[in-house]
Amino acid sequence: PELKVWRVYLQEKRLYMYKSLAKMEYPAEPYYDCFQDIEYRKDWDKHAKAIEIFGTNEGNEMVYWHVALPFPMSDRDYVYYRLCHVDKEKGKYVICSRAAEAGQKDDVAKVVRVTDYVSNVVITATGESSVEVLCTYFDDPKGSIPSMLVNFAATQAFPKMLDSFKHFDDPKGSIPSMLVNFAATQAFPKMLDSFKHFDDPKG
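For clarity, every value in this text was computed on a predicted model and none was experimentally measured.

**As for the confidence of the model for the protein chain**
Then comes step 1: Per-residue confidence for the protein chain averages 76 on the pLDDT scale, and 70% of its residues sit at or above 70.
Then comes step 2: Here helix α4 (residues 177-193) is the element of the protein chain with the lowest mean pLDDT, 42, and strand β6 (residues 92-99) is the one with the highest, 96.
Then comes step 3: A low-confidence stretch, residues 147-158 (pLDDT under 50), is modelled with 19 contacts involving residues beyond four sequence positions or located in other chains.

The structure is reproduced here in C-alpha cells:
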C-alpha cells in the first residue's frame, strides 16, 4: 500500500490535525464493511479494551471506545457520534466521527476521557479492486508520550507493520481489515498526535 501523511498546526488548540491518504489494491465495498464493523474490531485490536455502540442520537450511532495504553501511560477512552453514508453508484463510503457532549457515558476510574476528537474518512473505489482512503483526524489525548517513540513509529514500526500485513488473509473476505482500521484511522495519526506537547528541536 501507498501511504502519505500531512499535518497542520491549529494555533487556537496548540495541537496538530492530520490527514492521511492510502492507496491500496482492495475492492471498496468489503473494505468499508470491515472498516466500520465494530464487533469485528474486537477480534483483532488488542488495544481496544472495550468498544461498543451503546445508543443512537438524531440518526448518529453513539460509540464508546476504551483504548489500553502501555505502562506508565493512563488508558484513554472516547465517547463519540458516528455517521456512515454509502453511495455505491459513485463508489463512495464515508464515516464521520466526533466527540459527544459530556454526560453521555459515565467516566471510568483511572481512564482519561478524550473530549476533543474528530475523524472523517472517505473511501473511494478507484477500480474494481483498488481503493483510496482519505482520513482527516484530530484529537487531544490530554497528555504526552516520550518523543523518541514518535520517530520509531514514523520511520520503522509503522512501515514495517504495513508491509507485514500484506501476508495476512481476512477471514471475512479479501481485505486485511487490521490494516484498514489501523492505518487509515487510528494508529499512525494518533501516535503522531500524542506528541504535540513536546517541542521539536528541529522545528
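What follows continues from the structure just given.
**Re the nonpolar core**
Then comes step 1: Membership of the largest hydrophobic core comes to 26 residues, with the highest contact counts inside it found for Tyr-31, Tyr-78, Ile-123, Val-131 and Val-133.
Then comes step 2: If you list the elements that add at least two residues to this core, you get β2 (15-24), α1 (28-35), β3 (48-57), β4 (60-67), β5 (75-87), β6, β8 (117-127) and β9 (130-139).
Then comes step 3: Of all hydrophobic cores here, the second largest spans five residues; its members include Met-62, Tyr-64, Val-79 and Tyr-81.

**A closer look at the environment of Thr-56**
Then comes step 1: Structurally, Thr-56 can be placed in strand β3.
Then comes step 2: As for Thr-56 and Arg-82, which are separated by 26 residues in sequence, their C-alpha atoms are 9.1 Å apart.

**Points about the environment of Ala-102**
Then comes step 1: Within the secondary structure, Ala-102 is located in the loop between β6 and β7 (111-114).
Then comes step 2: You can call Ala-102 exposed: its relative accessible area is 81%.
Then comes step 3: As a C-alpha pair, Ala-102 and Arg-113 span eleven residues in sequence and 9.7 Å in three-dimensional space.

**Focus: the packing of aromatic side chains**
Then comes step 1: Here the structure, examined in full by the defined rule, presents nine aromatic pairs.
Then comes step 2: Relative to Tyr-18, the ring of Tyr-16 lies with its centre 6.2 Å away and its plane at 45°, an arrangement referred to as tilted.
Then comes step 3: Judged by relative accessible area, which is 3%, Tyr-18 ranks as buried.
Then comes step 4: Considering the side-chain rings of Tyr-32 and Tyr-93, the 5.1 Å spacing of their centres and the 35° angle between planes classify their relative orientation as tilted. Taken as a pair, Tyr-32 in helix α1 and Tyr-93 in strand β6 lie far apart in primary sequence, 61 residues in all. In this pair, the class of Tyr-32 matches that of Tyr-93, namely buried.
Then comes step 5: Following the ring pairs from residue to residue traces out a cluster consisting of Trp-65, Tyr-78, Tyr-80, Tyr-117 and Tyr-137.
Then comes step 6: The ring of Phe-54 is capped by Lys-105, whose NZ or CZ atom sits 4.5 Å from the centre of that ring.

**Overview of the pairing of β3**
Then comes step 1: Sheet analysis places β3 next to β4, joined by eight bridges and oriented antiparallel. By the bridge assignment for β4, Thr-56 is matched with Glu-61.
Then comes step 2: Counted along the chain from β3 to the antiparallel partner β4, the turn is two residues long, and its residue Glu-58 has a positive phi close to 50°.

**Some points on α1**
Then comes step 1: When we look at burial in α1, the residues that qualify are Ala-28, Tyr-31, Tyr-32, Cys-34 and Phe-35. Each buried residue of α1 lies within a common arc of 165° when the element is viewed along its axis, so the set occupies one face.

**Regarding the side chain of His-66**
Then comes step 1: Tracing the sequence through the fold places His-66 in strand β4.
Then comes step 2: Classification of His-66 as buried rests on a relative accessible area of 8%.
Then comes step 3: Looking at His-66, its side chain comes within polar contact range of the side chain of Asp-75, at 2.9 Å.
Then comes step 4: Leave out the neighbours within four places in its chain, and His-66 touches His-47, Ala-48, Lys-49, Ala-50, Asp-75, Arg-76, Asp-77 and Val-111.

**Topic: the pairing of β2**
Then comes step 1: The pairing of strand β1 (residues 2-10) with β2 spans nine bridges and is classified as antiparallel. Residue pairing across strands places Val-8 opposite Met-17, the latter belonging to β2.
Then comes step 2: Bridge count between β2 and β9: seven bridges; the pairing is antiparallel. Of the residues in β9, the one forming a bridge with Tyr-18 is Tyr-137.

Conventions we followed
Note that residues are indexed from 1 along each chain, following the sequence as it is written. Only residues with pLDDT of at least 70 are given local features in this predicted model, and only at 80 or more are side-chain atom pairs given and counted; all residues enter the totals for whole chains, interfaces and linings. Side-chain descriptors were evaluated using all non-hydrogen atoms of the structure, hydrogens and water having been removed beforehand. For every residue, the predictor states its confidence as a pLDDT score lying anywhere from 0 to 100. The secondary structure listing takes helices from DSSP runs of H or I that are at least 4 residues long and strands from runs of E that are at least 2 residues long, numbered from the N terminus. Whether two residues are in contact is decided by their heavy atoms, any of which lying within 4.5 Å being enough. As used in this record, nonpolar core signifies buried Ala, Val, Leu, Ile, Met, Phe, Trp, Tyr and Cys residues forming a set joined through side-chain atoms within 4.5 Å. The rule is simple: take the accessible area with a 1.4 Å probe, protein chains only, and divide by the maximum for that residue type; under 20% is buried, over 50% is exposed, in between is partly exposed. Under the pairing criterion, centres of Phe, Tyr and Trp rings, with the six-membered ring standing for Trp, must be within 6.5 Å; the plane angle then separates stacked pairs below 30 degrees from edge-to-face pairs above 60, leaving the rest tilted. By definition, being over a ring means that NZ of Lys or CZ of Arg is both within 6 Å of the ring centre and within 35 degrees of the ring normal. One bridge is not enough; two strands pair if DSSP finds at least two bridges between them. Note that the arc is defined by the directions from the helix axis to the C-beta atoms. Nitrogen and oxygen atoms within 3.5 Å of one another constitute a polar contact, given that in protein one can donate a hydrogen and the other can accept it, and given that sequence-neighbouring residues count only through two side-chain atoms.

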